[in-house]
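So the chains spell out like this:
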Amino acid sequence: MKILVTGGTGYIGSHTTVELQNSGHEVIIVDNLSNSNINVLDSIEKISGIKPEFEQFDLIDTEKTTDFFKRNNDIQGIIHFAAFKAVGESVDNPLMYYRNNLFSLVNILQGMKDNNIENFVFSSSCTVYGQPEELPVTENAPIQKAASPYGNTKQISEEIIFDTVKVSGIKGMALRYFNPIGAHKSAIIGELPLGIPNNLMPFITQTVIGIREQLRVFGDDYSTPDGTAIRDYIHVVDIAKAHVIAVERMVNKKMKKDFEMFNLGTGNGYSVLEVIKSFEKVTGEKLNYKIVDRRAGDITQVWADTKFANDELGWKAEKDIDEMTLSAWNWELALKEI
Ligand code: NAD
Ligand code: WQD
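Report follows, based on the coordinates.

Here is what the cut-offs are and how they apply
- Residues numbered from 1 in each chain as written.
- Chains lettered and ligands numbered in written order.
- Predicted model: local features only at pLDDT ≥ 70, side-chain atom pairs only at ≥ 80, totals over all residues.
- Heavy atoms only, no water.
- Near = heavy atom within 4 Å.
- Polar contact = N/O pair within 3.5 Å; in protein donor to acceptor, adjacent residues only side chain to side chain.
- Areas by Shrake-Rupley, 256 points an atom, 1.4 Å probe, with all protein chains shown as cover.
- Helix = DSSP H or I, 4+ residues; strand = E, 2+ residues; numbered from the N terminus.
- Nonpolar A, V, L, I, M, F, W, Y, C, P; charged D, E, K, R; others polar.
- Buried < 20%, exposed > 50% of the residue type's maximum accessible area, 1.4 Å probe, protein only.
- Arc of directions from axis to C-beta.
- Contact = heavy atoms within 4.5 Å.

**Observations concerning the site of ligand 2**
Here comes step 1: Contacts to ligand 2 come from 18 residues, most closely from Ser125, Tyr150, Arg216, Arg231 and Asp298.
Here comes step 2: Ser125 places a side-chain nitrogen or oxygen 2.8 Å from an oxygen atom of ligand 2.
Here comes step 3: Within the contact set of ligand 2, an oxygen atom lies 3.2 Å away from a side-chain nitrogen or oxygen of Asn199.
Here comes step 4: For ligand 2, the accessible surface in isolation is 680 Å², of which the surrounding protein chains cover 88%.
Here comes step 5: Broken down by element, the shell around ligand 2 gets its largest block of residues, four residues, from strand β8 (residues 215–218).
Here comes step 6: Here the residues of the shell around ligand 2 sort into nine nonpolar, five polar and four charged.

**Quick notes on helix α3 (residues 62–71)**
Here comes step 1: Restricting attention to buried positions, one finds in α3 the residues Thr65, Phe68 and Phe69. Projected onto a plane normal to the axis of α3, the buried residues spread over an arc of 95° and lie on a single side. Set apart from the buried face of α3 by more than 90 degrees, the exposed residues are Glu63 and Lys70.
Here comes step 2: Taken together, the buried residues of α3 touch β1 (2–6), β2 (26–30), β3 (53–55), β4 (77–80) and α5 (94–114).

The following block contains the structure:
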């Protein structure tokens, strides 16, 4: 199958491209390189043996996007990763987030409609659930008011897709990722955070390698067993594999509804201190950290009910927390050499 991967030189997109190629699919990437590097194409080729086709342009550019779809109307499925994703930045600059994340989506859906391209997989997020009342959280849990413009773009995007699916013949699938971490086992691709990382895992690895002085653990007074907040961390390669299954399900017309939503998590929650313990155990390194106040906007705990994805997609996350933290460390070590 010929699959368009938007944001394919980014963190999750690059891992997904490799898994699509490993499964025999042809990938064409569109990315404006606003948060990734052109060298990732060579890295993908090093792993899979195939350099994906690539076009560099901004998906908020309606003319360029329209032209792209006219030239590529044989695409069978689209996996749409391209978006801005920094929660704090979205609070400071909401219009930048609404413009980038929503205009690009509308342009793509229009291109699909005009060229009869049917299958659309969307990168959503567990952020849509906020702090759920019941854990583990299922896909039927109520969507809560978004805590940030970034989170709001995910909620609005799901609605835009849902409304479009109702009238257009387009089929949509929203994959709600929990907390993707780790890197490909080759350490040839991984996450490339620009500037100071917001997320826990890159902050840990950058601290241990000496780029940052100390990790601040945000709060140890949560109502959790060790007082630190709990998340469902999931290996990025497990996430990538789910996308291959998702797009194949769509193209092979196995969907039960025209718009489906799936949680992509492991079903296990780990506290910040447990992630640190795993990291220190598997790497033999010591992390310099201190407990500070809670971070504004953080929830106490969330982990996924994965039954629906397990049963319907026949997909299950395979990699445990130790494999996640070790691969993240190996990637940080590899980055030092670049
Ligand atoms: P990333 O920043 O590494 O990748 C996104 C890619 O999209 C980048 O290469 C960037 O250059 C590109 N891009 C952004 N805007 C674009 C535009 N207008 N036109 C063309 N290219 C554009 O991010 P990621 O971690 O790989 O995330 C991928 C998707 O998954 C995003 O939609 C993100 O919101 C979502 N998501 C990520 C996480 C996470 O923790 N990483 C969790 C849940 C959901
Ligand atoms: C994890 C835990 C922090 C950094 C974010 C987005 C979410 C989704 C995934 C895209 C929390 C703690 C972190 C640090 C810390 N992204 N922490 N010190 O906040 O769960 O989710 O990324 O959709 O939308 O909000 O991930 O990695 O930032 O934090 O103690 O320096 O680590 O408080 O408990 P989060 P995270």
